[in-house]
Amino acid sequence: MPGRIIERYEHVPVTKADLDWADLVTLDLSLYEQPGGKEELVKQLDHAVRNVGFFYVKNFNISQEEVDRQFALGREFYSLPLEEKLKYYNQQDLESGEYNGYRPAGHRVLGNGVKDNVQVYNIPKFDGFHQRKQPPVLGNNIKEIEAFSRKCHEEVVVKLLRLFALLLELPDEDQLVRDHQYDVKGEDHLRYMHYAARSPEDNAKVGDLYGPGHTDLGTVTLLFRQPVAALQILNSAGEWKWVRPQDGTITINTCDALTALTGGLIKSSVHRVHAPPADQAHVDRLGVLYFARPNNHVVLDPIANSPLLNRLGLTTNAFTELDQHLTTEQWVKVRQTQQQRPKVSAKIDATGKYTYEKKDLEILPGLHAVIHN
């Protein structure tokens, strides 16, 4: 049954603040099918993923109209009354590592009495293994959401996986693609993410951060362009730089599972969400993201048949050094359980440094999450 007409999404103006922007490479995916195009893209990708783990892609065959439609659906969901959104929230599921559905703001206390200001709604990929009831505003548009989810995978993730395979000198450029099949059970998901504007006084209590420095746990994350400046990355010189919203691009970051599979060659990018600059500080921030992960059965040991990894001696990772050979499914569960576990708020000093008790950061015995200050 068709739902009501959803109005077009209007993006707010970009900031006029003179920020310290990151210098990131842009991969033009229109080169992908051209003679020599993949090789040229791999050269660009090599520096980005070894040093920062962040880059842009453009010409990715998803129209701005399709992207804005997802922003409109996210806006409509977050405009629902809280009691309606809470029908799709289960705290016990969150704490046991199940992250799909709704997570309200205030789930965690950041520190100094200030709770987090982020709402999350995750829609798992449509592989037949994640049947969930959706709110009508999304359920009435679920075919469109599925088409967008599949396009994220086919038009962006698959192409990047082939480029990574070429970078690693794998004998078959589809080797990583086979480990990331859309219709095989996995934990990929589309996310609508809403950050509510906070007062300057509350921001000051938490180091002017909406979220401290961290890495993502999968293969790559796709962040669709939105104009409220807040994302910052930690570069190879140890400096925090703002990520500029570039028209017609997706911001890509590489993540923990890809770092594990490459023995640390590909950097899991460190990033955080800062309070926006003064001319956007009053604006709520809506994000549309897609998180790609290896299929659940994939063991996250370093890839054994990569000539490059073998030449460089990159044959272990943080898991294997603990004699752990985790599948993606196991890794996602233990990492999400650690992330969603109720924990004592951080100690936040005057410089904005976040410090947690070690037990609150334990993922596995001997393996702890890192908060990047």
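**Comments concerning the pairing of strand 9 (residues 220-224)**
Among the 5 residues that make up strand 9, 5 are buried, leaving the element largely enclosed by the rest of the structure. The side-chain alternation of strand 9 yields two buried faces, one formed by Val220, Leu222 and Phe224 and the other by Thr221 and Leu223. Bridging between strand 9 and strand 12 (residues 249-254) involves 5 bridges; their strand directions are antiparallel. Considered in strand 12, the bridge of phenylalanine 224 is made with isoleucine 250.

**Thoughts on the layout of surface pockets**
As a volume, the largest pocket reaches approximately 1,000 Å³. If you go around the largest pocket, you meet 47 residues; those closest to its centre are Arg103, Arg108, Met193, His214 and Gln339. Examining the composition of the lining of the largest pocket, we find that 5 residues originate from one element, helix 11 (residues 328-340), more than from any other. For the lining of the largest pocket, the class distribution of residues is 23 nonpolar, 14 polar and 10 charged.

**Considering the pattern of salt bridges**
As enumerated under the stated definition, the model contains 20 salt bridges in all. Taking the shortest distance from any N to any O, the salt bridge between lysine 125 and aspartate 188 comes out at 3.8 Å. Here the residue lysine 125 occupies a position in the loop between strand 6 (118-124) and helix 5 (136-139), and aspartate 188 occupies one in the loop between helix 7 (175-178) and strand 7 (189-195), the gap between them amounting to 63 residues. In this structure, lysine 125 and aspartate 188 share a single accessibility class: buried.

Reading the values: the criteria
Residues numbered from 1 in each chain as written. Predicted model: local features only at pLDDT ≥ 70, side-chain atom pairs only at ≥ 80, totals over all residues. Heavy atoms only, no water. Buried < 20%, exposed > 50% of the residue type's maximum accessible area, 1.4 Å probe, protein only. Helix = DSSP H or I, 4+ residues; strand = E, 2+ residues; numbered from the N terminus. Pairing = 2+ DSSP bridges. 1 Å grid on protein atoms, 1.4 Å probe; cavity = no way out; pocket = protein on both sides within 12 Å on 5 of 7 lines; lining within 4 Å. Points joined across faces, edges and corners; volume = space filled by probe spheres on them. Nonpolar A, V, L, I, M, F, W, Y, C, P; charged D, E, K, R; others polar. Salt bridge = Lys/Arg side-chain N within 4 Å of Asp/Glu carboxyl O.

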